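# Topology and contacts: notes
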Amino acid sequence: MPLAPFTLPDGRVVMLLDTVITRETATAHYIVAARGAWHECRSAVTYVEDWSARLRADTPGAK
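A short tour of the structure in this document, coming up.

Thresholds, definitions, all that
Residues numbered from 1 in each chain as written. Predicted model: local features only at pLDDT ≥ 70, side-chain atom pairs only at ≥ 80, totals over all residues. Heavy atoms only, no water. Helix = DSSP H or I, 4+ residues; strand = E, 2+ residues; numbered from the N terminus. Rg over C-alpha atoms; globule rule 2.2 N^0.38 Å. Buried < 20%, exposed > 50% of the residue type's maximum accessible area, 1.4 Å probe, protein only. Areas by Shrake-Rupley, 256 points an atom, 1.4 Å probe, with all protein chains shown as cover.

When you go through the protein chain residue by residue, the secondary structure sums to 1 helix and 2 strands. For the protein chain, the succession of helices and strands along the chain, N to C, is β-β-α. Against the 2.2 N^0.38 benchmark of 11 Å for 63 residues, the protein chain shows a C-alpha radius of gyration of 25 Å, more extended than a compact globule. Considered along the principal axes of its C-alpha atoms, the protein chain spans approximately 80 × 15 × 10 Å. Expressed as a percentage of the 63 residues in the protein chain, the buried residues total 0%. When the accessible surface of the protein chain is summed, it comes to about 5,600 Å², and 65% of that surface belongs to carbon and sulfur atoms.

Listed below in structure tokens is the structure:
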């Protein structure tokens, strides 16, 4: 959602607070969802790495 600044008669450039809050809320939700997805994916990768390392350690002659 683009912010739409406007100029007051005294020359100050402002934006409506509800527009800013809506945009910041959407951004925060996106960041939280992305972090959750990253942690979920990283957890699966770490599990496979650990599992593979245990297999190598338990296999005679494996490097």
